[in-house]
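Spelled out from the first residue to the last, the chains are:
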Amino acid sequence: MTAQLAQLNVGVPVGPRDDPRMAGFYADIDRINAVADEYPGFVWRLVDDSGADATSLRPFGGDLMVNMSVWTSLEALREYTFRSGHLDVLRRRREWFVPLGEPHMVLWWVPPGHRPGLGEARERLELLRGGGPTPKAFTFRDVFPAP
């Protein structure tokens, strides 16, 4: 294996954790994270000090939530995203998150064993937002092969 796939997904929730509009999101997060953790091809995901998820982290300021993970391949992440039950959660994104009007998810290749930091992830998202998809920052729609 020459590379693994990292992903960063960001979003601004429509309200704080105790907002009734966010209840469905928080009610399902443990289940969907458990599915990811056991899914074929899953390698790692960012978690906060609780070790459960990253929903309390706001490394980019304001209310911007982050989700970051590493997968063995594009195919593994694609399978999880669109065929694991995660798609049901993804379809409800607009119930829980404000449309940003710019890319909110970025993919990039990392060496096996590498765990990307939030600074690296932010740089990749900014590359995508500033110049569109490239081999250094791309999307499911515009994929670049592993180096």
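Described in the following lines is the structure provided in the data block. (Residues numbered from 1 in each chain as written. Predicted model: local features only at pLDDT ≥ 70, side-chain atom pairs only at ≥ 80, totals over all residues. Heavy atoms only, no water.)

Turning to its location among the elements, Phe140 is positioned in the segment after helix H5 (118-131). A sequence separation of 129 residues divides Phe140 from Gly11, and the C-alpha atoms of the two residues are 17 Å apart. For Phe140, the contacting residues outside a window of four places in its chain are Leu74, Leu77, Arg78, Thr81, Phe82, Met105 and Leu107. (Helix = DSSP H or I, 4+ residues; strand = E, 2+ residues; numbered from the N terminus. Contact = heavy atoms within 4.5 Å.)

For the coordinates displayed, the defined rule picks out eight salt bridges. For Asp19, the salt bridge is made with Arg21, and the minimal N-O distance between the two is 2.7 Å. Exposure remark for Asp19: the relative accessible area of 14% places this residue in the buried category. A salt bridge links Glu79 to Arg83, with the nearest nitrogen and oxygen atoms 3.1 Å apart. Taken together, the positions of Glu79 and Arg83, both in helix H2 (residues 74-83) and four residues apart, correspond to about one turn of that helix. With a relative accessible area of 34%, Glu79 lands in the partly exposed category. (Salt bridge = Lys/Arg side-chain N within 4 Å of Asp/Glu carboxyl O. Buried < 20%, exposed > 50% of the residue type's maximum accessible area, 1.4 Å probe, protein only.)

This part is about H5. Helical geometry: 3.6 residues make up each α-helical turn, so side chains three or four residues apart lie on a common side. Given a rise of 1.5 Å per residue, 14 residues ought to cover 20 Å, and the 20 Å separating the end C-alpha atoms of H5 matches this to within 8%. Every buried residue belonging to H5 is among Ala121, Arg124, Leu125 and Leu128, and all of these are buried. Buried residues of H5, seen end-on, are gathered within an arc of 95 degrees and therefore sit on one face of the element. For H5, the exposed residues lying more than 90 degrees away from the buried face are Glu123, Gly130 and Gly131. Looking at the buried residues of H5, the elements they touch are strand S1 (4-13), strand S3 (65-71) and strand S5 (105-110). Immediately beyond the C-terminal end of H5, within one or two residues, lies Gly132, with a positive phi of roughly 80 degrees. (Expected span 1.5 Å × (residues − 1). Arc of directions from axis to C-beta.)

What follows is about the packing of aromatic side chains. Within the structure shown, the criterion is met by nine aromatic pairs. On the basis of an interplanar angle of 85 degrees and a centroid distance of 5.0 Å, the ring pair of Phe25 and Tyr26 is categorised as edge-to-face. You'll find Phe25 and Tyr26 in the same group, each marked buried. For the ring pair Trp71 and Tyr80, a centre distance of 5.1 Å and an interplane angle of 25 degrees mean the geometry is stacked. (Phe/Tyr/Trp six-rings, centres within 6.5 Å; stacked < 30°, edge-to-face > 60°.)

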